[in-house]
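Structural overview for review
Listed below, chain by chain, are the residues.
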Amino acid sequence: MCRGEPAPGLRGYVREYTGWFEHMASPLCRRELPTEIVPVIINFGAPIRIFEQSDPTRWTDVDSFAAGPYDTYVLVGSAGPSGGVQINFTMLGARLFLGRPLVDLTNRVVALDDLFGAGAERLRGELHDAGTWPARFAILDREIGARISAARSLPPAVVWAWRRLTATGGRVSIGAIVADAGCSQKHFIAQFTEHIGLTPKVMSRVLRFGAAVDALKTRGARFRLADIAADCGYFDQAHFSRDFRAFAGVSPSALLRAALPDEGGFAVTR
């Protein structure tokens, strides 16, 4: 695995690049949690499997794709040796790069061929043939920079609200954001949901949940739910537990036990 930072001018839109090749003795399924990141995968290896949450014996195989904003967990595996590049976009960056409202991708995985047509295969081939991770990351800087420069700007209220929510980790009232946005609550929520893919309230919950997961991983077995709930802005432990079940599908202790080494995510036993 190799990680890289985007060019300085892209860092408000892209968090990082990750390149990987992975060979497993047996198939591995991961529990992907909802975050403020929109991943775009350019796949070099076997298809990636997206399992049905309600019936993990059923799945859809996908190649290169964009995963939209999610308000629940996703079960992801592979059909064999895998490899590729993952671009971790902020939601603002994904909205500009993909050139469409993120509400079109909410709780969905969409093939890059369906989003970009022949351009998706051209990019995949160029990245595959580049040969080194730094060369691949430089290609991504060029492609992303060009698409974002050509994109239409977003409504200022949406950009401002997104930045306010992420800066506070979701710990700001929607009423305060609406008051500062200078438009009606109904209009603001509709605009935000269209462009970001989640309502402001759900986005706040996802951000608080992400902070809780980070705290859980940092504290390890020493965690106390009440302390994490309070530190991450939850009203009480019951509220925290409900959100955790909704977003992770398991208890905090079960999630911690499933953590893979080296930031490898969370394994699922099926």
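Scroll up to find the structure this text is about.
Described in the following lines is the structure provided in the data block. Remember, predicted model here, so these are calculated numbers, not experimental data. (Residues numbered from 1 in each chain as written. Predicted model: local features only at pLDDT ≥ 70, side-chain atom pairs only at ≥ 80, totals over all residues. Heavy atoms only, no water.)

**Re the nonpolar core**
Within the largest apolar cluster, 76 residues are counted, with the highest numbers of intra-cluster contacts made by Ile87, Phe89, Leu98, Ile144, Phe192 and Met203. The next biggest cluster of nonpolar side chains, apart from the first, holds 10 residues, and it includes Ile50, Val62, Phe65 and Val76. (Core = buried A, V, L, I, M, F, W, Y, C linked by side-chain atoms within 4.5 Å. Buried < 20%, exposed > 50% of the residue type's maximum accessible area, 1.4 Å probe, protein only.)

**Things to note about the environment of alanine 215**
Relative to the assigned elements, alanine 215 resides in helix α8 (residues 200–219). By relative accessible area, which is 13% here, alanine 215 ends up buried. On a C-alpha basis, the gap between alanine 215 and aspartate 227 in space is 9.8 Å, while along the polypeptide they are 12 residues apart. (Helix = DSSP H or I, 4+ residues; strand = E, 2+ residues; numbered from the N terminus.)

**Focus: the pattern of salt bridges**
Counted under the stated rule, the structure contains 14 salt bridges. Here glutamate 22 makes a salt bridge to arginine 30, at a shortest N to O gap of 2.7 Å. Here arginine 224 makes a salt bridge to aspartate 227, at a shortest N to O gap of 2.8 Å. Taken together, the salt bridges that share partners define one network made up of Arg122, Glu126, Arg142 and Glu143. (Salt bridge = Lys/Arg side-chain N within 4 Å of Asp/Glu carboxyl O.)

**Some details on unusual backbone geometry**
If you check the backbone angles, asparagine 107 has positive phi at about 55 degrees while not being a glycine. Position of asparagine 107 relative to the elements: it lies in the loop between α1 (91–98) and β10 (109–111). By relative accessible area, which is 34% here, asparagine 107 ends up partly exposed.

**Describing the layout of surface pockets**
In this model, the largest pocket occupies a volume close to 1,600 Å³. As for the largest pocket, its lining consists of 48 residues, and the residues nearest its centre are Glu32, Gln86, Asn88, Glu263 and Gly265. Elements that contribute at least two residues to the lining of the largest pocket include exactly β2 (14–22), β3 (29–32), β4 (37–43), β5 (48–51), β7 (65–67), β8 (74–78), β9 (82–90) and α8. In terms of residues, the lining of the largest pocket owes the most to one element, α8, which gives seven residues. Along the lines of polarity and charge, the residues of the lining of the largest pocket split into 25 nonpolar, 12 polar and 11 charged. (1 Å grid on protein atoms, 1.4 Å probe; cavity = no way out; pocket = protein on both sides within 12 Å on 5 of 7 lines; lining within 4 Å. Points joined across faces, edges and corners; volume = space filled by probe spheres on them. Nonpolar A, V, L, I, M, F, W, Y, C, P; charged D, E, K, R; others polar.)

**Concerning the pairing of β4**
For β4, the buried fraction is high: seven of the seven residues fall into the buried class. Burial along β4 is two-sided: the residues Ile37, Pro39, Ile41 and Asn43 and Val38, Val40 and Ile42 are all buried. Here β4 runs beside β9; their pairing, made up of seven bridges, is antiparallel. Looking at the pairing, asparagine 43 lines up with glycine 84 of β9. (Pairing = 2+ DSSP bridges.)

**Comments concerning helix α7 (residues 185–196)**
Over its 12 residues, α7 extends 16 Å from the first C-alpha to the last, a length consistent with the 16 Å expected when each residue adds 1.5 Å. Listing the buried residues of α7 in full gives Phe188, Gln191, Phe192, Thr193, His195 and Ile196. If you follow the buried residues of α7, they end up packed against α1, α5 (156–167), α6 (174–181) and α8. Directly beyond the C-terminal end of α7, a positive phi value near 95 degrees is found at glycine 197. (Expected span 1.5 Å × (residues − 1). Contact = heavy atoms within 4.5 Å.)

**Here we look at the packing of α8 against helix α10 (residues 237–248)**
Put simply, α8 and α10 touch, their axes get as near as 10 Å, and they point 95 degrees apart. By the criterion of interaxial angle, the relationship of α8 to α10 is roughly perpendicular. Of the residues in α10, those touching α8 at Arg205, Val206, Arg208, Phe209, Ala212, Val213 and Leu216 are His239, Phe240, Asp243, Phe244, Ala246, Phe247 and Ala248. (Axes fitted to C-alpha atoms, helices over the stretch in contact; angles between N-to-C directions. Parallel < 35°, antiparallel > 145°, perpendicular 65-115°, else oblique.)

Shape is all these values report; function is a separate question.
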